[in-house]
Amino acid sequence: MSVLVLAEHNNQSLKEATKKALTAALKIFSPAHVVVIGNNCASAANDAATLEGVEKVLLVEDTTYENMLCEPTADLLFELMKSYDYLVSAATTNGKNILPRVAAKLDVSQISEIISVIDNKTFQRPIYAGNAIATVESSTEKNVITVRTTAFETAQVGSSVATIEKIDAGNNPGLSEFIEEKVSSSERPELTSAGIIVSGGRGMQSGDNFKMLESVADKLGAAVGASRAAVDAGFVPNEYQVGQTGKVVAPELYIAVGISGAIQHLAGMKDSKVIVAINKDDEAPIFEVADYGLVADLFDAVPELDKELEKIQK
Amino acid sequence: MKILVPVKRVVDYNVKIRVDKETNAVDLNNIKMSINPFDEIAVEEAIRIKEAGQCDEIVVVSLGPEQSKETIRNALAMGADRGIHVKTDHSPEPLLVAKILEKVCEKEDYDLIILGKQSIDDDCNQTGQMLSALLNRSLGTYASKVEIENDTIIVTREIDGGLQTIKLKKPAVLTTDLRLNEPRYASLPNIMKAKQKTIDELDPSDLGIDMTPKVSTKKVEEPPKRVGGGKVESIQELVDKLKNVSGVI
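Just so we're clear, the structure is a prediction, and the values are computed from it rather than from any experiment. (Residues numbered from 1 in each chain as written. Chains lettered and ligands numbered in written order. Predicted model: local features only at pLDDT ≥ 70, side-chain atom pairs only at ≥ 80, totals over all residues. Heavy atoms only, no water.)

### Some thoughts on the overall build of chain B
Along chain B, the regular secondary structure elements total six helices and 15 strands. Classification of the 249 residues of chain B by burial places 55% in the buried group. Considering only intrachain contacts with a sequence separation of at least 6, the fraction spanning at least 24 residues in chain B is 70%. Working note: accessible area of chain B is about 11,200 Å², and carbon and sulfur atoms make up 46% of it. Charged side chains in chain B number 36 positive and 41 negative. The centres of these two groups are separated by 2 Å. (Helix = DSSP H or I, 4+ residues; strand = E, 2+ residues; numbered from the N terminus. Buried < 20%, exposed > 50% of the residue type's maximum accessible area, 1.4 Å probe, protein only. Contact = heavy atoms within 4.5 Å. Areas by Shrake-Rupley, 256 points an atom, 1.4 Å probe, with all protein chains shown as cover. Lys, Arg positive; Asp, Glu negative; His and termini not counted. Charge placed at Lys NZ, Arg CZ, Asp CG, Glu CD.)

Laid out in structure tokens, this is it:
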């Protein structure tokens, strides 16, 4: 049996999400191979080679793959899958975009966003926005799987370094072209890998008021997130959104400020280790999942929290 | 230009579902069903493209039991032109849905297929991508903006770090994200008009597709319940608990 893990990277370093997907892959079969597809991305391949459980890293570098366009990347993976039984990726937007295209070419179903590996054909995955958990069994030889990264630990650096094998680029079918990417550059950690997240909802009233949360976040080394309501209201950009249709997170500490706790938001954060809710409505559903709920006006509570944290820092 | 919009009938997004311990499945008895919200956004986008004079006909297709016709009528009332109902007892897995849609596209040619990015019941997020592979067409998932320019489509996509813009060759497959548009409500006259619109029927067995599932569901369970409800009285108490009890700051 053999497992290939698709690496998520920015052509420089390997993303945390892949280290978690690797942990899931190793539960299916160990050791695994990792494929790094991109352009001038050898350093990401070096990262992957150091991880425990990685036997070999395939490196494919070509301008075609600079932005991981779906069609050429899926074609290449389809060719590589002739030698593998499993293709595994983190359920990042790249993974979710590319893997089903490979699965269809292989004439297999994809098993999406697994949260546990029961055996090499049986997996658990959330359905109905996490309101139910399905146990599913595959009947095919080849399998294509995406991994919900919050459910798995980060793979650690191992004692040996895997070999890196360069693979030739495939053809570009020329169906699409990259134009531009607008990625917010922030000093703060990424939402999906942050240990602490401070999120704001409609109660924040404006984008400007998110500065209060940013100040708290910076004292905690936290990422800033938002509910769908806050994103829809235009307070913050879409990449901030935590929830069923945004990012699914599970940090050590999640601080929900002015968030009522709609089902679809809870689906994205209810696996956080400790949840804090600050809301002036004492009947807000967010309190039902919160370990520490504070019924207060956020415009008093957040500045006060900011001051308290400042004291601790000193 | 002709647009195909596949739509799915799902449990309404406002319904809190319940797992039936006896049948090992989500209880769907007497539950409000609606068009999948992302599919509704797909219908709206197709209508906007038509209103901009860039499309001649919108065809809506749905797989499922007889009641799926209601979902098609919904889309017709919003402004789609005609429907196709593919009769199936249950909801097949995404690969099979994609294969049926491929056959639908063989019967008639569509320049653009717009789907919801995922259905809110099985949360698979696969069908559009799979269909694009089977048809060997360009793919733009998680669209938050779509501009059609002659033979190309400029798509802005919601990605993990922000937004990505790509250019697709027509014919193409798109999947919708939340912020692509806000779907309209169907007006009463349009609901009446929709009753006159045609819905053709298709039988999957006539399409020559092996409908055997490749993945089977063994059981469905409630997720572990989170015990919450704890309260603190002040910020000082909160910070103290986080520091000294939970040890997370």
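### Describing the environment of Asp121(B)
Within the secondary structure layout, Asp121(B) lies in the loop between β8 (112–116) and α4 (127–135). By relative accessible area, which is 10% here, Asp121(B) ends up buried. When the C-alpha atoms of Asp121(B) and Ile31(B) are compared, they prove to be 13 Å apart, with 90 residues separating the residues in sequence. Residues in contact with Asp121(B), not counting those within four places in the same chain, are Ile127(A), Tyr128(A), Lys8(B) and Val10(B). Side-chain polar atoms of Asp121(B) contact the side chain of Ser119(B), separated by 2.6 Å. (Polar contact = N/O pair within 3.5 Å; in protein donor to acceptor, adjacent residues only side chain to side chain.)

### Comments concerning helix α3 (residues 70–80) of chain A
Within α3(A), eight of the 11 residues are buried, which leaves it mostly tucked inside the rest of the structure. Within α3(A) the residues assigned to the buried category are Cys70(A), Glu71(A), Pro72(A), Thr73(A), Ala74(A), Leu76(A), Leu77(A) and Leu80(A).

### Quick word on the interface of chain B and chain A
Often the size quoted for an interface is simply the accessible area lost on bringing the parts together. Counting residues at the interface gives 75 residues for chain B, matched by 84 residues for chain A. With both sides pooled, the region where chain B packs onto chain A buries about 6,700 Å², and carbon together with sulfur makes up 55% of that total. Contact with chain A buries surface across chain B, with Asp160(B), Arg226(B) and Ile235(B) losing the most and accounting together for 11% of the total. Taken together, chain B and chain A are joined by five salt bridges. Applying the counting criterion to the chain B and chain A interface returns 49 residue pairs in polar contact (both at pLDDT 80 or more). Secondary structure elements with two or more residues in the side of chain B that touches chain A: α3 (94–107), α4, β9 (138–149), β10 (152–159), β11 (162–169), β14 (215–221), β15 (231–232) and α6 (235–245) of chain B. (Buried area = accessible area lost by both parts, 1.4 Å probe. Salt bridge = Lys/Arg side-chain N within 4 Å of Asp/Glu carboxyl O.)

### Describing unusual backbone geometry
In this model, Ser30(A) is joined to Pro31(A) through a cis peptide bond whose omega is 0 degrees. Within the element layout of this structure, Pro31(A) appears in the loop between α1 (16–28) and β2 (32–38). Going from Lys170(B) to Pro171(B), the amide bond is cis rather than trans, its omega being -5 degrees. Along the polypeptide, Pro171(B) turns up in the loop between β11 and β12 (172–176).

### Observations regarding the pattern of salt bridges
Residues and elements named next belong to chain B. Counted by the stated rule, this structure contains 39 salt bridges over all chains. Close ionic contact of Glu 44 with Arg 184 constitutes a salt bridge, the shortest N to O distance being 2.9 Å. Of this pair, Glu 44 sits in helix α1 (residues 37–51) while Arg 184 sits in the loop between β12 and α5 (188–194), and the two are 140 residues apart along the sequence. Here Glu 44 falls in the buried class, since its relative accessible area comes to 1%. Between Arg 179 and Glu 158 there is a salt bridge, and its shortest N-O distance comes to 3.2 Å. Of the two residues, Arg 179 is situated in the loop between β12 and α5 and Glu 158 in strand β10; the sequence distance between them amounts to 21 residues.

### A closer look at the side chain of Ser34(B)
Residues and elements named next belong to chain B. Assignment of secondary structure puts Ser 34 in strand β5 (residues 33–35). Relative accessible area serves as the criterion here: at 18%, Ser 34 is assigned to the buried category. A polar contact of 2.5 Å, which involves the side chain of Ser 34, links it to the side chain of Asp 12. Apart from the residues lying within four places of it in its own chain, the contact partners of Ser 34 are Lys 8, Arg 9, Val 10 and Asp 12.

### Let's talk about the environment of Tyr13(B)
By the secondary structure assignment, Tyr13(B) is in the loop between β2 (9–11) and β3 (19–20). For Tyr13(B), the contacting residues outside a window of four places in its chain are Pro37(B) and Ile120(B).

### Brief notes about the sheet that holds strand β11 (residues 176–183) of chain A
In spatial order, the strands read β11(A)-β11(B)-β10(B)-β9(B)-β12(B)-β8(B)-β1(B)-β6(B)-β7(B)-β13(B); together these 10 strands make up an open sheet with mixed pairing. Pairing within the sheet leaves two strands with one partner each, and these edge strands are β11 of chain A together with β13 (199–202) of chain B. Ignoring strand direction, the axes of neighbouring strands in this sheet form an average angle of 30 degrees. Sheet strands in contact with helix α2 (residues 68–78) of chain B are β6 (57–64), β7 (82–87) and β13 of chain B, and its direction is about 165 degrees off that of β7(B). (Pairing = 2+ DSSP bridges. Axes fitted to C-alpha atoms, helices over the stretch in contact; angles between N-to-C directions.)

### Focus on the state of the cysteines
All chains considered together, the criterion is met by zero disulfides over all chains. Cysteine Cys70(A) remains unbridged, with the sulfur of Cys105(B) as its closest cysteine sulfur at 17 Å. No disulfide involves Cys124(B); its nearest neighbouring cysteine sulfur is the one of Cys70(A), lying 17 Å away. The class for Cys124(B) is buried, based on a relative accessible area of 11%. (Disulfide = S-S within 2.5 Å.)

### Here's the deal with the sheet that holds strand β7 (residues 122–127) of chain A
Either a parallel or an antiparallel arrangement is found when strands of a sheet pair, and the pairing is made through backbone hydrogen bonds. With respect to topology, four strands assemble into an open sheet ordered β6(A)-β7(A)-β8(A)-β14(B), the strand pairing being antiparallel. The open sheet terminates on both sides in strands that have one partner only, identified here as β6 (116–119) of chain A together with β14 of chain B. Pairs of neighbouring strands in the sheet enclose a mean axial angle of 30 degrees, with direction left out of account. Bridge count for strand β8 (residues 132–138) of chain A against β14(B) is six bridges, and the pairing is antiparallel. Residue pairing across strands places Ser138(A) opposite Val215(B), the latter belonging to β14(B).

### Some details on helix α9 (residues 298–313) of chain A
Residue and element names in this part refer to chain A. Its 16 residues place the ends of α9 22 Å apart at the C-alpha level, agreeing with the 22 Å of an ideal helix rising 1.5 Å per residue. Residues Leu 298, Ala 301, Val 302, Leu 305, Asp 306, Glu 308 and Leu 309 constitute the buried set of α9. Viewed along the axis of α9, the buried residues span an arc of 165 degrees, placing them on a single side of the element. Summarising the geometry of α9, the exposed residues directed more than 90 degrees from the buried face are Asp 300, Lys 307 and Lys 311. (Expected span 1.5 Å × (residues − 1). Arc of directions from axis to C-beta.)

### So, the pairing of β9(B)
Residue and element names in this part refer to chain B. Of all the 12 residues making up β9, nine are buried; the element is thus mostly covered by neighbouring parts of the structure. The pairing of β9 with β12 spans four bridges and is classified as parallel. Across the sheet, Ser 138 pairs through a bridge with Ala 172, a residue of β12. Inspection of the sheet shows β9 paired to β10 by six bridges, in the antiparallel sense.

Function cannot be read off these values alone, since they describe shape.
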